[in-house]
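# Coordinate analysis (summary)
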Amino acid sequence: MNQRVIESPKVFISYSWTTPEHEVWVVELGTRLRENGVDVTLDKWDLKEGHDTTFFMESMKAADKVLIICDKGYKEKANGRKGGVGTEAQIITPDVYGDVSQEKYIPIVAERDEMGQHYIPTFIESRLYIDLSSFDSFEESYEKLLRNIYQAPLHNKPALGKAPEYLFQSEASHSKTASILRQMKSNVDRYPQRLKYQWGNFVDAYIESLKYFTIEKVDNPNEIDEVIVEKLLSMLPMRNDYIEGLELMVLSDSLEVDDIIDFFERIYIFTEFQNEGSFYEVQFDHYKFLITELFMYTTLILLKTKKYNLLSQLTNAEFIINSNNNHRVLKSFTRLRFYPSSLENRNKRLELRRTSLYADILIQRAGTRYKQELIESDIVLYNISKFLVEEAWGRVWFPSTYIYASEYGTIKLFHKLKSRKHFEEIKVLFNNPKEDVFKSKINEMSVEQGYPSSWNEVPLIRKYINPEEVCSKP
C-alpha cells in the first residue's frame, strides 16, 4: 500500500518568462499543484518588490523538489547563463553533477520543436524527465509528477524474498530437459522430422532428472508433509517442461498415443520401492502427485487442441509396469489418479480446515492461466470413467478440483452436446455410443460421494445439459 513520505511537500518552480502564454501555463500548473496539497514556491506569488532576487532563487535549496520547466526560452537562457534562469542554472548545476542518483531536480518538458525534440538544457539533459507538453497525455503525466512529489509511485518495488531452495540443488536441475526443449523449438519449422527422436531424448532426460527428487531419509515421519510440499515446489519446473514439450509435440502432430503411454509407464515406477531399506509409503507422495497432475495436463492439452481420438486411445489404454523384475498391467487410466495421504495429514496436523489441501495445491500451481481448463479436464476425466466404468474398470477418476467448478458457469465440451455435429465430434471420448445409448447412460449415472465438508455434488454431464437436449440442434 502506497503511503506519503512527505506531508505538504515543498516545491520550487524554476522557469523562464518566455511568453505571456507560457507564464499562464506555469501559473496554472503551480495552482493545480497547490490544490493537490503541494506547497509551491513561485516568483509570481512569492517574490515581492524589495526582495533579494538571488536569495529568493537560492531558497530552492530548502525545497523538497525543484521543477525545471523546459521550453525554448529556458534552454537558451540556461545554456547561455543569461538572466535569472542563468543564475538558477548555476545554483542547480553543482547538485545535479555531484549526484548521479539525485531525485530533487526534475526536468518538466513543457514544449517541443517542430521535429518533436524537447528543450532540456545541457546541464540536466541526461536526466529522466516528465513530459507535460502533450494535451493528450497531460493527465497521465501530471499524475506521474504528483506521485513523484509525494514519493507515492504507482509501482512499488516488492520486498526482497529468499531464493527458492531448489535453485541450490544442482543435481535436481531441469537443465537437461530445458536444453532439449530449446532444440525442439528450433526444429519445429525447420526440421519437424527430428521431433520424434528428440521427444525420446526428452523423456530419457526427464526420467533421469526425476531421480534426484527421491526422499532418501525421513527424520521425522510425522512431519514428512513439509518435505513433500518442498519437493513439489522444486519439481514445478519439471512439470512446466512436460507441459511445454507435450504441447509442442501435439501441435506439430508429431506424437502418437504410444509415446504418451510409454512416458507414464516409465514414471510410474517412482511411486514404488526400488531399493532395499526402510521406507514409508508417503515418501513417494510427491511423485504420485506429479503423475496425476501430468495426466490432467495431458488431458487439458488434448482437449484444447481437439485431439479427441488421441485422448480416447489414452483413456482406453492399458499401462504395462515393469519394476524390480515385476510385470503387471494397469487396466485403466484411473490407476494414475493417486491420493497423497501426506497432504491430507498436513491439513489435519496444521489445522488448516481445507476441504481438500490436495485440490488447493493443484489449483495454486495451475495459476490463472490453467485453472479453469484444469478443473474442466478433471471433470471430463471423471465423466469418461463413469461412462465406461461398466466395462470392468472397477473405479472412477475422482475429480479433486470439482469444489472449484462452481466458479465457472458451464463446461463448454458438455454444454455444446446440444449440437449433433459436436456430439459426432466428441463421442469418440465415450467409445462412440449411439445417441440413444449416450442419453440413457448419462441419465442413469449415479452421483458420486464428494467431500464430506462440501455441499457441491461431483458434477455429472447432466449438470451441464439435459440428456433430452443432446443432439437437439444440427
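First, a word on what this report is: a plain description of the structure on this page. The structure presented is a predicted model; accordingly, all values stated were derived computationally and were not measured.

### Some remarks on the pattern of salt bridges
Inspection of the entire model under this criterion finds 28 salt bridges. Put simply, Arg32 and Glu139 hold a salt bridge, and the shortest N to O gap is 2.7 Å. Note that Arg32 is positioned in helix H1 (residues 20-35) and Glu139 in helix H6 (residues 138-150), a separation of 107 residues in sequence. You can call Arg32 partly exposed: its relative accessible area is 29%. A relative accessible area of 47% places Glu139 in the partly exposed class.

### Quick word on the pairing of strand E4 (residues 105-109)
Counting buried positions along E4 gives five out of five residues, so the element sits mostly inside the fold. Of the two faces of E4, the one holding Tyr105, Pro107 and Val109 and the one holding Ile106 and Ile108 are both buried throughout. In this sheet, E4 lies alongside strand E3 (residues 65-70) in parallel orientation, the contact comprising five bridges. When the sheet's bridge partners are listed, Leu67 is paired in E4 with Ile106. Examined bridge by bridge, E4 and strand E5 (residues 130-131) share two bridges and lie parallel to one another. Across the sheet, Val109 pairs through a bridge with Asp131, a residue of E5.

### Looking at the packing of helix H9 (residues 224-234) against helix H14 (residues 341-349)
Contact geometry for H9 and H14: axes closest at 9 Å, N-to-C directions at 120 degrees. Judged by the inter-axis angle, H9 sits oblique to H14. Crossing handedness for the pair H9 and H14: left-handed. Contact residues: H9 offers Asp225, Glu226, Ile228 and Val229, while H14 offers Ser342, Leu343, Arg346 and Arg349. Each residue belonging to the contact of H9 with H14 can be placed in one class, and the counts come to three nonpolar, one polar and four charged.

What counts, and where the lines are drawn
- For every chain, the first residue of the written sequence is number 1, and numbering continues from 1 onward in sequence order.
- Totals for whole chains, interfaces and linings use all residues, but because this is a predicted model, local features are given only for residues with pLDDT of at least 70 and pairs of side-chain atoms are given and counted only at 80 or more.
- Side-chain numbers here rest on the full set of heavy atoms in the structure, without hydrogens or water.
- What counts as a salt bridge is simple: a side-chain nitrogen of Lys or Arg found within 4 Å of a carboxyl oxygen of Asp or Glu.
- Strands are runs of DSSP state E lasting at least 2 residues, helices are runs of H or I lasting at least 4, and numbering of each runs from the N terminus.
- Each residue is placed in one exposure class: buried if its accessible area under a 1.4 Å probe, protein chains only, is under 20% of its type's maximum, exposed if it is over 50%, and partly exposed if it falls in between.
- By this definition, two strands are paired if DSSP reports at least two bridges between them.
- Lines fitted to C-alpha atoms define the axes, with helix axes restricted to the stretch in contact, and inter-axis angles between N-to-C directions lie between 0 and 180 degrees.
- An angle below 35 degrees is treated as roughly parallel, one above 145 as roughly antiparallel, one from 65 to 115 as roughly perpendicular, and anything else as oblique.
- Each helix crossing is assigned a hand: it is left-handed if the near helix lies turned anticlockwise from the far helix by less than a right angle, otherwise right-handed if that turn is clockwise.
- Throughout, a contact is declared for two residues whenever any of their heavy atoms are within 4.5 Å.
- When residues are sorted by character, Ala, Val, Leu, Ile, Met, Phe, Trp, Tyr, Cys and Pro go into the nonpolar class, Asp, Glu, Lys and Arg into the charged class, and all the rest, Gly among them, into the polar class.

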